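Structural overview
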Amino acid sequence: MRKLIDQISMQQSRIVDLEEDKKRQDEEYGQMKALVQDLQLKGLQRRMDKIQTPVAAVVIMACNRADYLERTIKSILKYQNAVASKYPLFVSQDGSDPQVREKALSYDQLTHMQHLDSKPVQTERPGELIAYYKIARHYKWALDKLFHEYKFSRVIILEDDMEIAPDFFDYFEAAAALMEKDKTIMAVSSWNDNGQKQFVHDPEILYRSDFFPGLGWMLTKSTWNELSPKWPKAYWDDWLRLQENHKGRQFIRPEVCRTYNFGEHVDWKSKDLSYLMEDEYIKHFAEILKNAKPINGADAVLKASNVQGDVRVHYKDQPDFERIARQFGVFQEWKDGVPRTAYKGVVVFRYPPPRRVFLVGPKSFELLGIKSV
């Protein structure tokens, strides 16, 4: 009995020691976390001291690809150095990959943020990849930090496998002014899903779209204040494409992507973008659509190639759209009733350039206020 009592006493002593060790580790972790945040704030403050009014913070979302990250940083710094005071640069790292951390900290021109999340991930459906849940958590954490802690009014989000065009920053500065005037613009993207070389022609043309493009995009603090409390557990980009979340607001996208090197440099400061304002754009778009020549029946690709000028092809429903899109080789995907890149159900691309092809939905004319032509 005495031996048993001694053993129990020793085990209780070990439990107390373990609890004290855990408490000490938790305190050390809290202190380390506070130190990291303090260093981040001080590093940012040194940069902010030189900044008048930033257009937007630029954040690269990274995880475990140090070589990709380096290529992206170099691409950004090539054009950002001249406008660094307008576009403070951040790398937000999800996890503790030492190579990614080392690479980010090797650049004095940016601020490194590190998202350390040890909470277990519970997927909602069997077989789902937890990566989608971790990505959503990381995005929320980073955007909350940039908008609420660092107090930026706009943020441009890039992924760690992107290179930017020479006029990337001028493009977003012009777009920022547009967003201030027109609150029906939810975000501005540098990406065109149908932006492959064979489908584009004019680097100066911009479009409104009902479909969120992502991949190098900017949003405002007021929009984030609306989205943050209900941010999804996973699949955040598809979530943004739901009507219940974008609420009929639209997205600006270019014809020629601004998130890969293509050599074009547009002087966006000299461009009049007033045609993109909601009231103007619907009239502008309706006019160019009306002037396109209708083609009907099978072999839309062949018929379009034999017509001079812009053409329009009407589709009856989603399967019909998918059939026609497949013929041309453009995206067939829909989300919540909206084809990828569409505006009022109309998808536009060049085929072959410079001819524009409009794939027109059954309600598009009505939504655009066009009487049958």
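My aim in this report is to walk through the structure given alongside it, one point at a time.

Calculation notes
- Residues numbered from 1 in each chain as written.
- Predicted model: local features only at pLDDT ≥ 70, side-chain atom pairs only at ≥ 80, totals over all residues.
- Heavy atoms only, no water.
- Helix = DSSP H or I, 4+ residues; strand = E, 2+ residues; numbered from the N terminus.
- Buried < 20%, exposed > 50% of the residue type's maximum accessible area, 1.4 Å probe, protein only.
- Contact = heavy atoms within 4.5 Å.
- Areas by Shrake-Rupley, 256 points an atom, 1.4 Å probe, with all protein chains shown as cover.
- 1 Å grid on protein atoms, 1.4 Å probe; cavity = no way out; pocket = protein on both sides within 12 Å on 5 of 7 lines; lining within 4 Å.
- Points joined across faces, edges and corners; volume = space filled by probe spheres on them.
- Nonpolar A, V, L, I, M, F, W, Y, C, P; charged D, E, K, R; others polar.
- Patch = residues over 30% accessible without salt bridge, like charges linked within 9 Å, V, L, I, M, F, W, Y side chains within 5 Å.
- Salt bridge = Lys/Arg side-chain N within 4 Å of Asp/Glu carboxyl O.
- Axes fitted to C-alpha atoms, helices over the stretch in contact; angles between N-to-C directions.
- Parallel < 35°, antiparallel > 145°, perpendicular 65-115°, else oblique.
- Left-handed = near helix turned anticlockwise from the far one by under 90°.
- Pairing = 2+ DSSP bridges.
- Phe/Tyr/Trp six-rings, centres within 6.5 Å; stacked < 30°, edge-to-face > 60°.
- Core = buried A, V, L, I, M, F, W, Y, C linked by side-chain atoms within 4.5 Å.

**Side note on the overall build of the chain**
Per the secondary structure count, the chain includes 12 helices and 14 strands. Here the chain holds 373 residues, and the buried ones make up 48% of them. Within the chain, counting contacts between residues at least 6 apart in sequence, those at least 24 apart form 73% of the total. Carbon and sulfur atoms form 51% of the exposed surface of the chain, whose accessible area is close to 19400 Å².

**A word on empty space enclosed by the protein**
Following the criterion strictly, the structure yields 1 cavity of 30 Å³ or more and no others. Its volume calculated, the largest cavity comes out at about 50 Å³. Taken together, Asn192, Asn194, Phe199, Tyr207, Arg253, Glu255, Val348, Phe349, Arg350 and Arg356 make up the lining of the largest cavity. A per-element tally of the lining of the largest cavity places strand E13 (residues 347–350) first, with 3 residues. In the lining of the largest cavity, the residues fall into 4 nonpolar, 2 polar and 4 charged.

**Notes on a nonpolar patch on the surface**
Taken together, the side chains of Leu129, Tyr132 and Ile135 make up a nonpolar region of the molecular surface, amounting to roughly 280 Å² of accessible area. In this structure, Tyr132 sits in helix H4 (residues 131–149).

**Some words on the packing of helix H2 (residues 66–80) against helix H3 (residues 98–105)**
Where H2 meets H3, the closest approach of the two axes is 9 Å, and the angle between their N-to-C directions is 20°. By the angle class used here, H2 and H3 are roughly parallel. Along this stretch, H2 crosses H3, giving a crossing that reads as right-handed. The residues of H3 that touch H2, namely those facing Ala66, Leu69 and Glu70, are Gln99, Val100, Lys103 and Ala104. Residue composition of the contact of H2 with H3, by class: 4 nonpolar, 1 polar and 2 charged.

**Overview of the layout of surface pockets**
Estimates place the volume of the largest pocket at around 720 Å³. Looking at the largest pocket, it is lined by 26 residues, and the ones nearest its centre are Tyr132, Ile135, Tyr139, Glu159 and Trp236. Elements with a minimum of two residues in the lining of the largest pocket: strand E1 (57–62), H4 and helix H7 (236–240). Ranked by the residues each element gives to the lining of the largest pocket, the list is headed by H4, at 6 residues. Classifying every residue of the lining of the largest pocket by side-chain character gives 12 nonpolar, 3 polar and 11 charged.

**Comments concerning the sheet that holds strand E4 (residues 154–159)**
The 8 strands are arranged E3-E2-E1-E4-E7-E5-E8-E6 in an open sheet whose pairing can be described as mixed. With one partner strand each, in any of the chains shown, strand E3 (110–115) and strand E6 (206–209) form the two edges of the open sheet. Sheet twist, expressed as the mean angle between neighbouring strand axes with direction ignored, is 25°. As defined by bridge partners, strand E5 (residues 185–189) adjoins strand E8 (residues 250–254) across 3 bridges and the pair is classed as parallel. By the bridge assignment for E8, Val188 is matched with Ile252.

**A short note on the sheet that holds strand E14 (residues 356–360)**
Taken in spatial order, the 4 strands line up as E9-E10-E14-E13 in an open sheet, and their pairing is mixed. A single partner strand is all that each edge strand has here, and the edge strands are strand E9 (293–295) and E13. Direction aside, the axes of adjacent strands within the sheet are offset by 25° on average. Sheet topology places strand E10 (residues 311–314) next to E14; 4 bridges connect them, and they run parallel. Across the sheet, the residue bridging to His314 is Val360, located in E14. Sheet contacts for helix H9 (residues 278–290): E10, E13 and E14; angle to E14, the most-contacted strand, approximately 105°. Helix-sheet contacts for helix H11 (residues 318–328) involve E10, E13 and E14, and the interaxial angle to E14 is about 165°.

**Examining the packing of aromatic side chains**
In this structure the tally under the stated criterion is 28 aromatic pairs. For the ring pair Phe90 and Tyr150, a centre distance of 5.5 Å and an interplane angle of 25° mean the geometry is stacked. Residue Phe90 is located in strand E2 (residues 89–94), and its partner Tyr150 is located in the loop between H4 and E4; the two are separated by 60 residues in the primary sequence. Of the residues examined, Phe90 reaches a relative accessible area of 0% and is grouped as buried. Ring geometry for Phe328 versus Tyr351: centroids 5.1 Å apart, planes at 85°, classification edge-to-face.

**A word on the nonpolar core**
Of all hydrophobic cores here, the largest spans 57 residues; its most connected members are Phe169, Phe285 and Phe358. Broken down by element, the residue count for this core peaks at 9 residues, all from helix H5 (residues 168–181). Excluding residues within four positions of it along the chain, Phe285 makes contact with Tyr207, Tyr343, Val346, Val348, Phe358 and Leu368. Membership of the second largest hydrophobic core comes to 27 residues, among which are Met113, Ala187, Trp231 and Leu240.

Taken by themselves, the reported measurements are silent on function.
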